[in-house]
Amino acid sequence: MTAVVEETAPGTGHGSTAAERDHTPIVITLRIRRFNPETDAEPYWQDFKVEADPTERILTAMMKIKAEQDGSLTFRRSCAHGICGSDAMRINGRNRLACKTLVKDLDMAKPITVEAIKGLKLEKDLVVDMDPFMQAYKDVMPFLITSGNEPTRERLQSPEDRERFDDTTKCILCAACTTSCPVFWSDGQYFGPAAIVNAHRFIFDSRDEGAEERLEILNEKEGVWRCRTTFNCTEACPRGIEVTKAIQEVKRALIFRRV
Amino acid sequence: MSATIENAPKIHGGGPSIESPRSKRSPRSTKTNFELYGWLFMRLSGVLLVVLVLGHLLIQLVLDGGVSKIGFAFVAGRWASPFWQSWDLIMLWLAELHGVNGLRTIINDYAERDQTRFWLKALLYTSALIVLFLGTLVIFTFDPNIGN
C-alpha cells in the first residue's frame, strides 16, 4: 500500500510500444522565471533552448542548461528520484517535482514554463525560503509522543490500525501542496496542507498519545478551519496523497472529539 | 542498577507533553473553539436556509398569483401569525450571520494588511448590526393599522 499513485500508464519499460521507445532527441524551450536578488528588482522570464529526449525529465533538461549554457541558474535538487522533495517547482502552472515530470507528458511544441513555488519568499531563481514551511511542520510536533516507560520490545500495531494513517506516511515535505493552496498564498499564516498531513500521520496512530495536543493546535485560528477544500493540494501532491481527505478527517476528529 | 533507574528523573512524568528542544511554537495561539463553531454554523445554517429561503421565494413569488399579490395587506396578513413572524426572524438572522461569517473568512483570506483587514471587518460588523437591528425591530413592532 505504500506504492505511489501514478497518472501515467505503465507503458514504459519492457512492454513499451515502438513510439514510446523513440529516443530521437528534440529541441524544447524551457521558459524559466529568473531572479537574482543582487541585480534584479523583479523576477523575469528567460528562454533556454535545450536538446532533450522526450522520455527525459525536466530536471535533466535543467541540469543540462546549468552545465552547458548558464551556470548561474539556481535550483534545489538532491536525490533526483522523487523521494527527497527538493525540486518542487511550478511547471506549466502546476506544482510538480522536476525529477518526476517527463518532457513527453507536457506540450513539447510550446515553451515549458518553470517557476518557483508560490507563497514563500523567493531567494534566487527557483529557490525559496522554506523556513515558514518547516516551522509549521515543527509546530504540529511530528514525532511519537508517549507516556510511561519505554517498552522492552517493539510497539506493535494491527494492520487495520496502521492502515488508518498509511496514506499520510508518504509525505516527502516537498511543499508542492502547501504552496498550491490559495489560503496559504494570502498571508502565509495558515498551517498549510503539509503540516496537517504530518499531524494526521500521528493523530491517527494508535501508538501515539499526543493526539489531543495536536488537535488543539490545529483547532486554532490558522488551523484546519481555514481549509476551503479547493483540492489544489491533492492535485499537486507528487506522492498521490489524498491531502484534502486527510484534512477533512482531522476536522471530523475535532468536531466529534474522537480520533 | 534498578535503584539508579528508579531514582532517575522522570522524563515523561507529567503526561504526554514534551517540550520541543530548540524551536519555539509560532505565536498564533487562540485556544478557543470559535473557528470550529464558525465552520459548523456555516454548514448547519446553510441547510436550514435552503428550506427557509426556497420556501420564502415559493410563497412570495410563485404561489397565489406570484409577485403581483404582494402588498401591504399581504405582509400584514402574514405577520399576524407568529409562525410567519418566527420564519422571517430566523431567516433574517441566519442569512445575515451566514453572510457575515462568509465575508469574514473572505476578508481573512484576501486582505493582506492588518489595517485593511480591521477596517473591512469594522464595516462588515457595523452593517450587520444595523440590518439585524432594523429587521428585528420591524418584525416585532409591525403595526398592521398604520395604513389606516
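Residues numbered from 1 in each chain as written. Chains lettered and ligands numbered in written order. Predicted model: local features only at pLDDT ≥ 70, side-chain atom pairs only at ≥ 80, totals over all residues. Heavy atoms only, no water.

1. Considerations on the overall build of chain B
1) Next: Helices and strands together make up the secondary structure of chain B, namely five helices and zero strands.
2) Next: Taken from the N to the C terminus, the helices and strands of chain B come in the order α-α-α-α-α.
3) Next: The proportion of buried residues among the 148 residues of chain B is 26%.
4) Next: Considering only intrachain contacts with a sequence separation of at least 6, the fraction spanning at least 24 residues in chain B is 66%. (Helix = DSSP H or I, 4+ residues; strand = E, 2+ residues; numbered from the N terminus. Buried < 20%, exposed > 50% of the residue type's maximum accessible area, 1.4 Å probe, protein only. Contact = heavy atoms within 4.5 Å.)

2. Some points on the side chain of Ser186(A)
1) Next: One can find Ser186(A) in helix α4 (residues 182-187).
2) Next: At 2.9 Å, the side chain of Ser186(A) forms a polar contact with the backbone oxygen of Val183(A).
3) Next: Looking at Ser186(A), its side chain comes within polar contact range of the main-chain oxygen of Asp109(B), at 2.9 Å.
4) Next: Those residues in contact with Ser186(A), other than ones at most four positions away along the chain, are Arg226(A), Asn108(B), Asp109(B) and Glu112(B). (Polar contact = N/O pair within 3.5 Å; in protein donor to acceptor, adjacent residues only side chain to side chain.)

3. Digging into the UniProt feature "transmembrane region" (unreviewed entry) in chain B
All names here are of chain B.
1) Next: According to UniProt, the feature "transmembrane region" (unreviewed entry) maps to residues 36-59 and 122-142 in the numbering used here.
2) Next: Taken end to end, residues 36-59 is 100% helix and 0% strand, and its first and last C-alpha atoms sit 35 Å apart.
3) Next: For residues 122-142, helix accounts for 95% and strand for 0%, while the C-alpha atoms at its two ends are 30 Å apart. (UniProt positions renumbered as here; feature names shortened; annotations may be inferred.)

4. Quick look at unusual backbone geometry
All names here are of chain A.
1) Next: Phi at Ala80 takes a positive value of approximately 65 degrees, unusual for a residue other than glycine.
2) Next: Mapped onto the fold, Ala80 is located in the loop between α1 (58-68) and β3 (88-91).
3) Next: A relative accessible area of 10% places Ala80 in the buried class.
4) Next: Phi is positive for Ala175, close to 75 degrees, though the residue is something other than glycine.
5) Next: Following the sequence through the fold, Ala175 ends up in the loop between α3 (159-163) and α4.

5. Quick look at the sheet that holds strand β4 (residues 94-97) of chain A
Residues and elements named next belong to chain A.
1) Next: Taking strand neighbours across the sheet as the criterion, the five strands line up as β2-β1-β5-β3-β4 in an open arrangement whose pairing is mixed. Pairing within the sheet leaves two strands with one partner each, and these edge strands are β2 (44-52) and β4. On average, each strand axis in the sheet is inclined to that of its neighbour by 35 degrees, with strand direction left out of account.
2) Next: Where β3 and strand β5 (residues 112-115) come together, two bridges link them in antiparallel fashion. Opposite Arg90, over in β5, you have Glu115 as the bridge partner.
3) Next: Here α1 sits on the sheet in contact with β1 (26-34), β2, β3 and β5, set at roughly 80 degrees to β1. (Pairing = 2+ DSSP bridges. Axes fitted to C-alpha atoms, helices over the stretch in contact; angles between N-to-C directions.)

6. What about the pattern of salt bridges?
Side chains carrying opposite charge are able to pair once their charged atoms draw close together.
Residue and element names in this part refer to chain A.
1) Next: Overall, the coordinates contain 20 salt bridges over all chains when judged by the stated rule.
2) Next: Residues Arg257 and Glu216 are paired through a salt bridge, measuring 3.4 Å at the closest nitrogen-oxygen approach. With Arg257 in the segment after α8 (243-256) and Glu216 in helix α6 (residues 211-218), this residue pair connects regions lying 41 residues apart in the sequence.
3) Next: Lys245 is paired through a salt bridge with Glu242; the nearest N and O atoms lie 3.9 Å apart. (Salt bridge = Lys/Arg side-chain N within 4 Å of Asp/Glu carboxyl O.)

7. A word on the side chain of Thr244(A)
1) Next: Among the secondary structure elements, Thr244(A) is positioned in helix α8.
2) Next: When near neighbours in sequence (up to four residues on either side) are disregarded, Thr244(A) contacts Thr229(A), Phe231(A), Cys233(A) and Thr234(A).

8. Some remarks on a nonpolar patch on the surface
Residues and elements named next belong to chain B.
1) Next: Taken together, Val50, Val51, Val53, Leu54, Leu57, Leu58, Leu61, Val62, Leu63, Val67 and Ile70 make up a surface patch of nonpolar side chains, about 930 Å² in accessible area.
2) Next: Checked against the element boundaries, Val62 lands in helix α2 (residues 34-62).
3) Next: On the basis of relative accessible area, Val62 is assigned to the exposed category, the value being 54%. (Patch = residues over 30% accessible without salt bridge, like charges linked within 9 Å, V, L, I, M, F, W, Y side chains within 5 Å. Areas by Shrake-Rupley, 256 points an atom, 1.4 Å probe, with all protein chains shown as cover.)

9. Digging into the environment of Ala195(A)
All names here are of chain A.
1) Next: For Ala195, the position within the fold is in helix α5 (residues 193-203).
2) Next: The exposure class assigned to Ala195 is buried, which follows from its relative accessible area of 3%.
3) Next: In the structure, Ala195 is positioned 61 residues away from Met134 in sequence and 8.3 Å away in space, judged by C-alpha atoms.
4) Next: When sequence neighbours within four positions are dropped, the list of residues in contact with Ala195 reads Ala136, Tyr137 and Val140.

10. What about helix α5 (residues 114-141) of chain B?
1) Next: Over its 28 residues, α5(B) runs 40 Å from end to end, which matches the ideal 40 Å to within 8%, given 1.5 Å per residue.
2) Next: Here α5(B) has its buried residues at Arg117(B), Lys121(B), Leu124(B), Ala128(B), Leu132(B), Gly135(B), Thr136(B) and Ile139(B).
3) Next: Those residues of α5(B) that are buried are in contact with α4 of chain A together with α3 (72-79) and α4 (82-110) of chain B. (Expected span 1.5 Å × (residues − 1).)

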